Structures are given as C-alpha cells and as structure tokens.
Amino acid sequence: MMYSLFKGKVLTALVLATGALGILTNALAPTLAAKVARDISASTTPKQLPYYVAQGATTNSVDAIEKAVYNQVNQYRASKGLSPLTVNTRMSEQARIHSQNMASGKVPFGHQGFQQRVMAVAIPYSSAAENVAYNQGYSDPANQAVQGWIRSSGHRQNMEGNFNLTGIGVATNAQGQYYFTQLFIRSR
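Scope of this entry: the structure provided in the associated data block. Everything numeric in this text was worked out from a predicted model, so none of it was measured. As a convention, each chain's residues are numbered from 1 in the sequence order in which they are written. Under the rules for a predicted model, residues below a pLDDT of 70 receive no local features and side-chain atom pairs below 80 are neither given nor counted, while totals for whole chains, interfaces and linings still include all residues. Only hydrogens and water are set aside; all other atoms, that is, all heavy atoms of the structure, feed into the side-chain values.

1. Points about helix α3 (residues 89–104)
Okay, so step 1: Secondary structure counts use DSSP, requiring at least four H or I residues in a row for a helix and at least two E residues in a row for a strand, with both numbered from the N terminus. Here, expected helix span is obtained from the residue count minus one, scaled by 1.5 Å. Counted at 1.5 Å a residue, the expected span for α3 with its 16 residues is 22 Å, and the 22 Å between its end C-alpha atoms agrees.
Okay, so step 2: Note on contacts: a residue pair is in contact if any heavy atoms of the two residues lie within 4.5 Å. The elements touched by buried residues of α3 are β4 (86–87), α4 (114–120), β5 (125–136), β6 (165–172) and β7 (177–187).
Okay, so step 3: Polar contact criterion, stated in full: a pair of N or O atoms within 3.5 Å, where within protein one must be able to donate a hydrogen and the other to accept it, and residues adjacent in sequence count only if both atoms are side-chain atoms. Between the side-chain oxygen of the N-cap and the backbone nitrogen of R90 there are 3.0 Å, and the N-cap of α3 in question is N88.
Okay, so step 4: Positive phi shows up at G105, right after α3, with a value of about 85°.

Shown next, in the form of structure tokens:
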C-alpha cells in the first residue's frame, strides 16, 4: 500500500488496480496517468551504490532488513537516473513504530496515522509519501517487499518521487510476518 500528501493537501483519491491507494492533488492527476502509462525499461543498468551491512547481524535481522530495503530502493532510483535518498533517523523511528504497531495488531495494516507520522518528524516539507508492505516465508523479505513495490504503479511512483529523505522501519510478529514502512519526504 502507498499513501501520498502534497503540500499537506489531499484533493483527489485514486484507487489503483494494484490495491494501492494514491492521494494526489488534482494538478498531479495527469502526471500519475503519464507515469502509469510510461514503459519502464528493464534494460537500464543500475549504478552501484554503497552497501551498509550490519556487522554481527543475521540475514533476517530487522536492522539488516532495513538496510537492505534502503540499498535496494536507492539502487532502483539510481537505475532510473534519480538521486539517492538520505536516511533520516527521526523518519526511521516513526516508520519503525508504525511497523511495530501493525505487527502487534495495535493498528490495522495500512496508513492509519500517516499524517501524524509526518508531523512527528518535524521536518518542513513540500511533499511526503509512504509505502507499507508485509510478507512471510521468504528467505529475503526485504527483496520481496521492494520488488512488490516496484511492480505496483502507486508504490513505484513514491519510489521514483522527487524526495530527498527517507525513513525505513521493519518489525516482525510471533507468526514470522515482516511488516515494512518506508516514509518519503521532500524537505524544504
């Protein structure tokens, strides 16, 4: 699922065929249609970005998964000629809290409280967005989440958006399900 705000205003809601919910200003609706219709070339060679590896972390530790999501999203952005996102600690804290709340059942899977998360990071912004995902039973849950976002036009729009900051939070529950939240902000 994905959610977007533009300058704090929600004017048009568009439910995409993928099940993602896109919130756009009326002025951006033609842009979304163009992005959805655009053919994304798979032949573009991704630029190599630095990897951050958590020392002593198992492959599926939450810390390592968060870093893997960050690396994969930035690799995807580089393959599209976009600048990398910078991790913001406050954004990651808010994303992690939301993932933990979804994993524990405190809030339903989705974007409940998105606007409050953006306000809690206390960063002046011109636009903000959020992607969430969950999965279970995969040897590489980070890759599964990111590839799912890439295949979804709404999530992909957030990944390709004109953002410069990100925060990523992952949580698991007793059933072994992984919950992912990625916040995006274009700071002013």
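2. Focus: the nonpolar core
Okay, so step 1: To define a nonpolar core, start from buried Ala, Val, Leu, Ile, Met, Phe, Trp, Tyr and Cys residues and group those joined through side-chain atoms within 4.5 Å. Accessible area is worked out with a 1.4 Å probe on protein chains only. A residue is then buried under 20% of its type maximum, exposed over 50%, and partly exposed in between. Counting 20 residues, the largest nonpolar core has I65, V69, V146, W149, M159 and F180 as its most contacted members.
Okay, so step 2: Taken together, the elements giving at least two residues each to this core come down to α2 (62–79), β5, α5 (141–151), β6 and β7.
Okay, so step 3: Ignoring any residue separated from it by four or fewer positions in sequence, one finds V146 in contact with V69, Q72, V73 and M159.
Okay, so step 4: Of all hydrophobic cores here, the second largest spans 11 residues; its members include I123, A128, L183 and I185.

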